Amino acid sequence: MKISDLPFCTVDWSNVESTEHQGEQGKAYWRTRQFGPIRVRMVEYSPGYLADHWCSKGHILLCLEGRLDTELADGRRFTLTSGMSYQVADNAEAHRSMTGTGAKLFIVD
């Protein structure tokens, strides 16, 4: 990732409008800011959330609260809890997210 032409700025995430995204099960609530080609999101998954697609987009994802389970298309599974992250490149390994208890995430892609 190359970050250029981005002056210093701060974001008060509580003032960023939330959008609702239906999963296969449950819902995701995104607060999104775009900085040139870089999308930055604060995402909250409801308890019981299951993504409605396999994602091949690259992300840097930090779990702020709760528990996030991520399944890769090859069957491997990973669990993140508060303070843990994962990193994956574009088109590297298809993945999908789920949570039984809910989760709050900070995502850069």
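Now for a look at the structure at hand. These numbers come from a predicted model, not from an experiment.

In this section: the packing of aromatic side chains. A complete count under the given rule lists 2 aromatic pairs for this structure. With a centroid separation of 6.0 Å and an interplanar angle of 85°, the aromatic rings of Trp13 and Phe106 are classed as edge-to-face. In this pair, Trp13 sits in the segment before β1 (18-22) while Phe106 sits in strand β9 (residues 103-108), placing the two residues 93 residues apart along the sequence. The ring of Trp30 is capped by Arg41, whose NZ or CZ atom sits 4.4 Å from the centre of that ring.

Counting buried residues in strand β8 (residues 95-99) gives 4 out of 5 residues, a clear majority hidden from the surface. In the sheet, strand β4 (residues 49-50) pairs with β8 via 2 bridges, with the strands oriented antiparallel. Residue pairing for β8: Tyr49 is matched across the bridge by Thr99. Pairing of strand β5 (residues 59-72) with β8 involves 4 bridges; the strand directions are antiparallel. Each bridged residue has a counterpart across the sheet, and for Leu72 the counterpart in β8 is His95.

Moving on to the layout of surface pockets. Approximately 280 Å³ is the volume attributed to the largest pocket. Class assignment of the residues belonging to the lining of the largest pocket gives a composition of 9 nonpolar, 6 polar and 4 charged.

For the rest of this paragraph, the subject is the pairing of β1. Looking at chain direction, β1 and strand β2 (residues 27-35) are connected through 5 bridges and run antiparallel. For His21, the partnering residue across the bridge sits in β2 and is Ala28. In this antiparallel pair of consecutive strands, β1 and β2, the connection spans 4 residues, and Gly26 shows a positive phi of 70°.

About the thresholds
- Residues numbered from 1 in each chain as written.
- Predicted model: local features only at pLDDT ≥ 70, side-chain atom pairs only at ≥ 80, totals over all residues.
- Heavy atoms only, no water.
- Phe/Tyr/Trp six-rings, centres within 6.5 Å; stacked < 30°, edge-to-face > 60°.
- Helix = DSSP H or I, 4+ residues; strand = E, 2+ residues; numbered from the N terminus.
- Lys NZ or Arg CZ within 6 Å of the ring centre and 35° of its normal.
- Buried < 20%, exposed > 50% of the residue type's maximum accessible area, 1.4 Å probe, protein only.
- Pairing = 2+ DSSP bridges.
- 1 Å grid on protein atoms, 1.4 Å probe; cavity = no way out; pocket = protein on both sides within 12 Å on 5 of 7 lines; lining within 4 Å.
- Points joined across faces, edges and corners; volume = space filled by probe spheres on them.
- Nonpolar A, V, L, I, M, F, W, Y, C, P; charged D, E, K, R; others polar.

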